[in-house]
Amino acid sequence: MAKAFWKAALLLGAGLGAVPGASAGFKVIALGVNGGVEEGNLTSYLIRSDSQTRYLALDAGSVLPGISKALEKGSFPEVTVQNAAPLTPQGAVFRNLISGYFISHAHLDHLAGLIIASPQDTKKPIYGSADTIDTLRQHYFNWRVWPNFSDSGSGQRLGTYRLNAPRPGQRFSLGLSGLDGVIYPLSHGGVTSSMLLVSSAKENQQLESFAYFGDTGADKQEKSRDLNAAWRVLGDEIKQQRLKGMIIETSYANGMSDSQLFGHLTPALLLGELKNLEQVAGGAGSLKGLKVVISHMKPSLTAGDDPRAKIIRQLEQGNSLGVNFIFMQQGDSQDF
Ligand SMILES: [Zn+2]
Ligand SMILES: [Zn+2]
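Reading the values: rules and limits
- Residues numbered from 1 in each chain as written.
- Chains lettered and ligands numbered in written order.
- Predicted model: local features only at pLDDT ≥ 70, side-chain atom pairs only at ≥ 80, totals over all residues.
- Heavy atoms only, no water.
- Helix = DSSP H or I, 4+ residues; strand = E, 2+ residues; numbered from the N terminus.
- Rg over C-alpha atoms; globule rule 2.2 N^0.38 Å.
- Buried < 20%, exposed > 50% of the residue type's maximum accessible area, 1.4 Å probe, protein only.
- Contact = heavy atoms within 4.5 Å.
- Areas by Shrake-Rupley, 256 points an atom, 1.4 Å probe, with all protein chains shown as cover.
- Lys, Arg positive; Asp, Glu negative; His and termini not counted.
- Charge placed at Lys NZ, Arg CZ, Asp CG, Glu CD.
- Polar contact = N/O pair within 3.5 Å; in protein donor to acceptor, adjacent residues only side chain to side chain.
- Salt bridge = Lys/Arg side-chain N within 4 Å of Asp/Glu carboxyl O.
- Donors = N, O, S within 2.8 Å, 3.2 Å for Na, K, Ca; no water.
- Tetrahedral: all angles 85-135°; square planar, octahedral: opposite > 155°, others 65-115°.
- Arc of directions from axis to C-beta.
- Pairing = 2+ DSSP bridges.
- Axes fitted to C-alpha atoms, helices over the stretch in contact; angles between N-to-C directions.
- Left-handed = near helix turned anticlockwise from the far one by under 90°.

Draft legend 1. Spatial organisation of the overall build of the chain. Looking only at helices and strands, one finds 10 helices and 14 strands in the chain. On C-alpha atoms alone, the chain measures out to a radius of gyration of 19 Å, which is about the 20 Å that the 2.2 N^0.38 rule sets for 336 residues. When each of the 336 residues of the chain is scored for burial, the buried share is 55%. In the chain, of all internal contacts separated by at least 6 residues, the share reaching a separation of at least 24 is 63%. In the structure as shown, the chain presents an accessible area of about 14200 Å², 51% of it carried by carbon and sulfur atoms. Across the chain, the 31 positively charged side chains and the 29 negatively charged ones have centroids separated by 4 Å.

This is the structure we're talking about:
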């Protein structure tokens, strides 16, 4: 029965309903976790509701290499050589299980995988802020950098991707993933980045939510109130016991001077910002056990330097909030 269902799901590719009897929550798979430098492992996560079969991609720095790694690690138990045929398992996940993309901002380490794989993709929506969608249209899908696989912009429109720029702060439907989203702006060293609050809507049931942050600096360094506004939204989600978790960046270990941050966070800056969230989420202890996935660590090419280990140590040592920090590697799967 289950096997037949997945076979049908993969073959049909569209119009999939809910999985019967599945429990509530989200599943996240890391397709890429780093913030630059190595092109095979750049920021990209897949998320789906436990009640759905299809995923939404949260950024798309490395897509196909991440799917391969996740298949190796057993993170797609629903896909087999048999039910993927005539596609490869990698192709079946890419073409049929990813139903659309949210792009937090238009830096290459967040969309290179999508651009490179676009000639083999199926028709899908791409969601982002007006700024991100404009950059995609004008500077990537323009027949100079890459053929125009979108449905707007210059020259012939190949139409694989439907570009969507929903208004910030307004709820919209994330296509066939069965999820809803709301985009909030973030300040990222002069670039407009964004946070997506994903929620699974069910009739007569409490909504569950999950927050995905694109690159962001701390409010003080950015001279911004964007994170403060995001914390107010998430504080409410926590008070209503809806927030299942979040993904947020920590690019550098402590000690980087402000002028070298380029709109990013360190462990000390993230912990400071999470204290602000704690305040609006109900005060001391309100973040206990909250699952926070750390993304976008920047690898070092210096022998003996291990920024990942440093960042993990510094976050754990400063964790007076009782947050549950999670350090996913490429291909890992995690339930929320
Ligand atoms: Zn980045
Ligand atoms: Zn960036």
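Draft legend 2. Expanded view of the side chain of Ser 99. Inspection of the secondary structure assignment puts Ser 99 in strand β4 (residues 98-102). Since its relative accessible area comes to 7%, Ser 99 is described here as buried. For Ser 99, the side chain forms a polar contact with the main-chain nitrogen of Ser 177, separated by 3.4 Å. The residues touching Ser 99, leaving out its near neighbours within four places in the chain, are Arg 54, Tyr 55, Leu 56, Lys 124, Pro 125, Leu 176 and Ser 177.

Draft legend 3. Representation of the pattern of salt bridges in the model. Tallied over the entire structure, the rule returns 6 salt bridges. Between Asp 121 and Lys 124 there is a salt bridge whose closest N-O contact spans 2.6 Å. Of the two residues examined, Asp 121 and Lys 124, each falls in the buried class. Between Arg 242 and Glu 237 there is a salt bridge whose closest N-O contact spans 3.0 Å. Assessed through its relative accessible area of 10%, Glu 237 is described here as buried.

Draft legend 4. Highlighting the coordination of the zinc ion (ligand 2). Protein-derived coordination of the zinc ion (ligand 2) comes from His 105 (NE2), His 107 (ND1), His 188 (NE2) and Asp 215 (OD), at a distance range of 2.2 to 2.3 Å. Every donor counted, the 4 donor atoms about the zinc ion (ligand 2) form angles of 90 to 168 degrees at the centre, which fits irregular coordination. When the donors of the zinc ion (ligand 2) are listed by position in the chain, the intervening gaps give H-x1-H-x80-H-x26-D. For the pair the zinc ion (ligand 2) and the zinc ion (ligand 1), the metal-to-metal distance amounts to 3.3 Å, and Asp 215 bridges them. Placement of the pair is His 105 in the loop between β4 and α5 (112-117) and His 188 in strand β8 (residues 179-188), with a sequence separation of 83 residues. For the pair His 105 and His 188, a shared accessibility class is recorded, and that class is buried.

Draft legend 5. Geometry of helix α6 (residues 130-140). Among all positions in α6, only Thr 132, Ile 133, Leu 136 and Tyr 140 are buried. In a view along the axis of α6, the buried residues occupy a sector of 100 degrees, so they form one face of it. Where the residues of α6 are buried, they touch α5, β5 (124-127) and β6 (161-164).

Draft legend 6. Broad picture of the coordination of the zinc ion (ligand 1). Protein-derived coordination of the zinc ion (ligand 1) comes from Asp 109 (OD), His 110 (NE2), Asp 215 (OD) and His 296 (NE2), at a distance range of 2.1 to 2.2 Å. Every donor counted, the 4 donor atoms about the zinc ion (ligand 1) form angles of 89 to 169 degrees at the centre, which fits irregular coordination. According to the relative accessible area criterion, Asp 215 is buried, its value standing at 2%.

Draft legend 7. Quick look at the sheet that holds strand β14 (residues 333-335). Here 7 strands make up an open sheet; going across it, the order is β6-β5-β4-β3-β2-β1-β14 and the pairing mixed. In this open sheet, the two strands that pair with only one neighbour each are β6 and β14. Each strand of the sheet is rotated relative to its neighbour by a mean of 25 degrees, with strand direction disregarded. Relative to β4, strand β3 (residues 55-58) is paired through 4 bridges, and the arrangement is parallel. Bridge pairing links Ala 57 to Tyr 101 in β4. Against the sheet, helix α4 (residues 89-97) makes contact with β3, β4 and β5, and its axis sits at roughly 65 degrees relative to β4, the strand it touches most.

Draft legend 8. Seen up close, the packing of helix α9 (residues 267-280) against helix α10 (residues 307-317). Close contact between α9 and α10 brings their axes to 9 Å; oriented N to C, the two are set at 35 degrees. Crossing of α9 over α10 shows right-handed handedness. Where α9 approaches α10, its residues Pro 267, Leu 270 and Leu 271 are matched on the opposing element by Ile 311, Gln 314 and Leu 315.

Honestly, that's just the spatial picture; any functional story needs more than this.
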